[in-house]
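Working through the structure, step by step
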Amino acid sequence: MLNTATTLVFLFATLVFCGGAVSALLFASDPDRCRRVTLGFALCGCVLILVLAIAGLLGGSFEFLLPAILPVAGGLALGLDRLSAFFLLIIAVGGIPASFYAIGYTRHHKGTQASMGFALNAFIPAMMLVLLARNVLTFLVFWETMSLASYSLVMTESEREETRSAGWLYMVMTHAGLGCLLIGFLAMSQATGSFAMSDWARAAYSIDPAVRNAIFLVMAAGFLCKAGAIPFHVWLPRAHPAAPSHVSALMSGVMIKLGIYGLLRLGFDWLGQGPA
């Protein structure tokens, strides 16, 4: 029963964020209503993520595959375990106050409320879906969605030169990280013969140690870039202050933690048990 309820909470959360994105388009001509409705949807979605995280930490889980979506690499594959649930809790703890604060904070952004509402209702669920991704293409699609949505939010005040410069640097660095992840994912898929991450740990010990170490290093670089770790941090002190306050809070408090999530998955799950 718990697993069924957990799946329903996830699906409902996804629909709520979709509702927020659609509302941004429907109410674009009415900035005040657009602000209240889209951010209200985002707030409700974050509350549902909190429920999902608690359910996952208590042992609730789900796994499902939609072959018709993203069919090239095995379909849309999603699943929940306790590690994903812990990082979902981070999204909720950051997303709830940020969304609530934004309802009042963004009332002066008359020309950008629709784009901000749409991007926020894409950014938060993209982070959720990264944590739930269970094959290569699913992970990369939502990782890129997260990056593009956050870039759009960083560029809210694009009329300022420093914002455009910060946005350009952020886009370059985030795609450099994506390139590292793409190389590592493809190498891992080639070495194991599978795009499903659940197959990687079982096959990891059959990979040549030099290849396995190289995969770790290149993928670690990709995740450390997103985490803003030295020496991949050059984008962080410029992009975060350029974003609106609630977005900066989400990027600093939540998004960069997904780089840590990736390192944990890589070092303790996908590549099997690593050397001490």
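Let me begin by describing the structure that accompanies this report. Counting from 1, residues in each chain are numbered in the order their sequence is written. Since the coordinates come from a predicted model, pLDDT governs what is reported: local features require at least 70, and pairs of side-chain atoms require 80 or more to be given and counted, while whole-chain, interface and lining totals use all residues. Hydrogens and water are ignored here; the side-chain numbers use all heavy atoms of the structure.

Details of the overall build of the protein chain
A run of H or I in DSSP becomes a helix once it reaches four residues, and a run of E becomes a strand once it reaches two; helices and strands are each numbered from the N terminus. In terms of helices and strands, the protein chain carries 11 helices and two strands. Mapped from its N terminus to its C terminus, the protein chain presents α and β elements in the order α-α-β-β-α-α-α-α-α-α-α-α-α. Relative to the compact-globule value of 19 Å for 276 residues, the protein chain shows a C-alpha radius of gyration of 19 Å, a close match. Judged by the C-alpha coordinates and their principal axes, the protein chain covers about 60 × 50 × 35 Å. Burial status across the protein chain gives 50% buried among its 276 residues. In the protein chain, the proportion of contacts linking residues at least 24 apart, taken out of those at least 6 apart, comes to 76%. Element-wise, carbon and sulfur atoms account for 71% of the exposed surface of the protein chain, whose accessible area totals about 12,000 Å². The size measure is the radius of gyration over C-alpha atoms, and the globule rule it meets is 2.2 Å times the number of residues to the 0.38 power. Partly exposed describes any residue whose relative accessible area lies between the buried limit of under 20% and the exposed limit of over 50%, with all areas from a 1.4 Å probe on protein chains only and scaled to the type maximum. Any two residues whose heavy atoms approach within 4.5 Å at even a single point are treated as in contact. What sets the accessible areas is the Shrake-Rupley method with a 1.4 Å probe; for residues, cover comes only from the shown protein chains.

Side note on the pattern of salt bridges
Side chains that differ in sign of charge can pair as their charged atoms come close. Salt bridges are defined by distance alone: a side-chain nitrogen of Lys or Arg within 4 Å of a carboxyl oxygen of Asp or Glu. Scanning all chains against the criterion turns up seven salt bridges. Ionic pairing is found between Arg 265 and Asp 81, a salt bridge with its closest N-O pair at 2.8 Å. Of the two residues, Arg 265 sits in helix H11 (residues 257-270) while Asp 81 sits in the loop between strand E2 (76-80) and helix H3 (82-105), which places them 184 residues apart along the sequence. With a relative accessible area of 6%, Arg 265 lands in the buried category. Among the residues examined, Asp 81 registers a relative accessible area of 27% and is labelled partly exposed. Among the salt bridges present, the one from Arg 202 reaches Asp 199, with a minimum N-O distance of 2.5 Å. Of this pair, Arg 202 and Asp 199 both sit in helix H7 (residues 197-203), three residues apart, which is roughly one turn of the helix. Owing to a relative accessible area of 64%, Arg 202 belongs among the exposed residues under this scheme. Given a relative accessible area of 26%, Asp 199 falls into the partly exposed group. Each of Asp 81, Arg 134, Arg 265 and Asp 269 takes part in a single network of salt bridges with overlapping partners.

Considering the environment of Arg 160
Within the secondary structure, Arg 160 sits in the loop between helix H5 (136-154) and helix H6 (161-192). Residue class for Arg 160 comes out partly exposed when judged on its relative accessible area of 33%. Residues Arg 160 and Phe 12, 148 residues apart in the sequence, show an inter-C-alpha distance of 38 Å.

Thoughts on the nonpolar core
Nonpolar cores were defined as sets of buried Ala, Val, Leu, Ile, Met, Phe, Trp, Tyr and Cys residues, with membership established by side-chain atoms within 4.5 Å. In this structure, Leu 88, Phe 139, Phe 185 and Trp 235 are the most contacted members of the largest nonpolar core, which totals 74 residues. Here the element with the most residues in this core is helix H4 (residues 113-132); it accounts for 12 residues. Aside from chain neighbours lying at most four places away, what touches Leu 88 is Ile 49, Leu 52, Ala 53, Leu 80, Met 128, Leu 131 and Leu 132.

Observations concerning the packing of H4 against helix H10 (residues 245-255)
A pair of packed helices can be characterised by two numbers: the angle between their axes and the separation between those axes. Whenever a helix is involved, its axis is fitted only over the stretch in contact; in every case the axis is a line through C-alpha atoms, and angles between N-to-C directions fall within 0 to 180 degrees. Here H4 crosses H10 at 10 degrees, and the two axes come no closer than 12 Å. One element, H4, and the other, H10, form an angle in the roughly parallel class. Along the contact surface, H4 presents Met 116, Leu 120, Phe 123, Ile 124 and Met 127, while H10 presents His 246, Leu 250, Met 251, Val 254 and Met 255. Ten residues, namely Ala, Val, Leu, Ile, Met, Phe, Trp, Tyr, Cys and Pro, are considered nonpolar, four, namely Asp, Glu, Lys and Arg, are considered charged, and the remaining ones, Gly among them, are considered polar. The residue inventory of the contact of H4 with H10, partitioned by class, reads nine nonpolar, one polar and no charged. Any angle between 65 and 115 degrees counts as roughly perpendicular, while under 35 counts as roughly parallel, over 145 as roughly antiparallel, and the rest as oblique.

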